[in-house]
Protein chains: 2
Amino acid sequence: MTQQAFYSVHPKFHAAVDCIIFGFEEGELSLLLLQRNFEPAKGRWSLAGGFVEEGEDLDDAARRVVAELTGLDDLYMRQVHTYGEVERDPGERVLSTAYYALVDIKKYDRELVRAHNAFWVKLPAIPRLIFDHDRMVSDALRFMRYQATVKPVGINLLPEEFTLTQLQALYEAILGEPIDKRNFRKRIAQMDYIEKTGGIDKTLSRKGAALYRFNREKYDGNFKI
Amino acid sequence: MTQQAFYSVHPKFHAAVDCIIFGFEEGELSLLLLQRNFEPAKGRWSLAGGFVEEGEDLDDAARRVVAELTGLDDLYMRQVHTYGEVERDPGERVLSTAYYALVDIKKYDRELVRAHNAFWVKLPAIPRLIFDHDRMVSDALRFMRYQATVKPVGINLLPEEFTLTQLQALYEAILGEPIDKRNFRKRIAQMDYIEKTGGIDKTLSRKGAALYRFNREKYDGNFKI
DNA sequence: CCGGTTGAGTGTCAAAATTACACTTACAAA
DNA sequence: TTTGTAAGTGTAATTTTGACACTCAACCGG
């Protein structure tokens, strides 16, 4: 058997990516969802998705899909799972790999999002999604939650500089439960890679809240071996 | 644009599964690896893999690949990750999804394994593997280790009935560090889903060691909501 | 200018979980 | 009956986690 034949006796499939795009606003997690104005499943809600193209890495396809929708590159993205049931897409057989992305919700390109008929929807209010996208969301949420307990990925949902009150609200949203303020700040104080910038945010309090930033070098120094 | 055209403008790809098959013997984790007597990469070591076929779920393809090699069905298997770099398979473009499987190493079909030119290799001694299979192994190992700290998946590597000494040796192999015997037994004692069978194993000690089994009903009762 | 309001910031103690640690027992073989 | 081997057992110290309430700074309105 030639090497060519080795491959060619096997079928090929469409490969897609679907992206669970998380944002954080007003104390709640949101997802960027599309109300589809195109077939198939026109009119229904879905994740941002797209097909993998010739010569394109799987990860890159996911980055492209998110960039085309939000204008944002360089996001924190992680692969969640690949869904390969024969009948999962009623149109044709498609293997789809889900990725989650974390977005600073202040930064996305509003024009692009509008043009795609996409909307930020707060988590508790998300509608039924097409195909198996509901399952993708719950798998992504579980995985993101787990990662957030292990490393400070949540920071990617906040602006460069943030207050501890914002950070706490974020973790409360991610974990879905209230956190004691003093215990939280005690824990953060031990993380030398979350450092004061010296700046002060006065938008929320008369007193003003110290601004912090994530220091990637210190973090990598502590945990990469 | 018709629905047909929606799909057909996009390329298709080969979809493969590669399986990291773990066993446990003599206090060490092993992998079932193939020394390939077929192209491509004939003569080199690889994971057990195969292509997804028409009308076959992705998970089922992974089960089939493991079953064809070991004769074992009904194994504990979990998807690890999908590898989609353009150049990862030097032959043709293939998207490959890795799964790990946990095998009771006493039970596999020796004829089948021999026929496939496959061998159990203890973890510290595994050779260089083809393509990106090394990376698959290390990702699978990390994932399996994590899962083992969270739920008793390791039990799938032991026979139905096992002694606490075996169980401890297993966890020491999975975690890669020694465990205090009394603390370990204290922890196990709290898990009512690991129960004495009443049987006694005399193969290792004159005194005899109590045999235990995993009670799936009790476990599911405790943790499924 | 002073009292009120708002969110920021801070420390201690109790409970729970984790870790370290060494000897006795049962049995079979010599 | 002595000896060797793996099985089995409890306690105390340490660390980690969780509960809890007031003061501070600054601005606002009267």
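See the structure above.
What this report covers is the structure whose coordinates are included nearby. (Residues numbered from 1 in each chain as written. Chains lettered and ligands numbered in written order. Predicted model: local features only at pLDDT ≥ 70, side-chain atom pairs only at ≥ 80, totals over all residues. Heavy atoms only, no water.)

With that out of the way, let us pick up the interface of chain A and chain B. Contacts between chain A and chain B engage 35 residues on the former and 35 residues on the latter. A buried area of about 3600 Å², summed over both sides, lies between chain A and chain B, and 58% of it is on carbon and sulfur atoms. Of all residues in chain A, the largest losses of buried area upon contact with chain B belong to Tyr7, Lys12 and Phe13 of chain A, amounting jointly to 18% of the total for that side. The tally of links from chain A across to chain B stands at zero salt bridges. Linking chain A with chain B are 22 residue pairs in polar contact (both at pLDDT 80 or more). (Contact = heavy atoms within 4.5 Å. Buried area = accessible area lost by both parts, 1.4 Å probe. Salt bridge = Lys/Arg side-chain N within 4 Å of Asp/Glu carboxyl O. Polar contact = N/O pair within 3.5 Å; in protein donor to acceptor, adjacent residues only side chain to side chain.)

Attention shifts here to the protein's contact with DNA strand C. Around DNA strand C sit 19 residues, and of these Thr165, Lys181, Arg185 and Lys207 of chain A together with Lys207 of chain B come closest. Considering the 4 Å shell around the protein, atoms of DNA strand C inside it are sugar or phosphate in 37% of instances. Arginine 185 of chain A places a side-chain nitrogen or oxygen 2.3 Å from a phosphate oxygen of DNA strand C. Within the contact set of DNA strand C, a phosphate oxygen lies 3.0 Å away from a backbone nitrogen or oxygen of alanine 210 of chain A. Elements with a minimum of two residues in the surface near DNA strand C: helix H6 (181–189) and strand E10 (209–214) of chain A together with helix H6 (181–189) of chain B. Of the residues in the surface near DNA strand C, the class split is three nonpolar, four polar and twelve charged. (Near = heavy atom within 4 Å. Helix = DSSP H or I, 4+ residues; strand = E, 2+ residues; numbered from the N terminus. Nonpolar A, V, L, I, M, F, W, Y, C, P; charged D, E, K, R; others polar.)

Our next topic: the protein's contact with DNA strand D. If you check the shell around DNA strand D, you find 19 residues, and the closest are Lys207 of chain A together with Thr165, Lys181, Arg185 and Arg206 of chain B. Restricting the count to atoms of DNA strand D within 4 Å of the protein gives a sugar and phosphate share of 37%. In this structure, threonine 165 of chain B approaches DNA strand D through a side-chain N or O atom, which is 2.8 Å from a phosphate oxygen. In this structure, a base nitrogen belonging to DNA strand D sits 2.7 Å away from a side-chain N or O atom of lysine 181 of chain B.

Moving on, we come to the packing of helix H4 (residues 133–150) of chain A against helix H5 (residues 164–175) of chain A. Residues and elements named next belong to chain A. Taken N-terminus to C-terminus, the directions of H4 and H5 make an angle of 135°; their axes are 9 Å apart at the nearest point. For the element pair H4 / H5, the angle class is oblique. Considering the relative orientation of H4 and H5, their crossing is left-handed. Within the contact between the two elements, H4 uses Met144, Arg145, Ala148 and Thr149 and H5 uses Tyr171, Ile174 and Leu175. Residues belonging to the contact of H4 with H5 are distributed by class as follows: five nonpolar, one polar and one charged. (Axes fitted to C-alpha atoms, helices over the stretch in contact; angles between N-to-C directions. Parallel < 35°, antiparallel > 145°, perpendicular 65-115°, else oblique. Left-handed = near helix turned anticlockwise from the far one by under 90°.)

The subject of this paragraph is the packing of aromatic side chains. Counting across every chain of the model gives 21 aromatic pairs over all chains. Considering the side-chain rings of phenylalanine 51 of chain A and tyrosine 7 of chain B, the 6.0 Å spacing of their centres and the 75° angle between planes classify their relative orientation as edge-to-face. With phenylalanine 51 of chain A in strand E4 (residues 48–51) and tyrosine 7 of chain B in helix H1 (residues 3–8), the pair connects residues from two separate chains. Assigned by exposure class, phenylalanine 51 of chain A and tyrosine 7 of chain B land together as buried. (Phe/Tyr/Trp six-rings, centres within 6.5 Å; stacked < 30°, edge-to-face > 60°. Buried < 20%, exposed > 50% of the residue type's maximum accessible area, 1.4 Å probe, protein only.)

It is worth stressing that arrangement in space is one thing and function is another; only the former is reported here.
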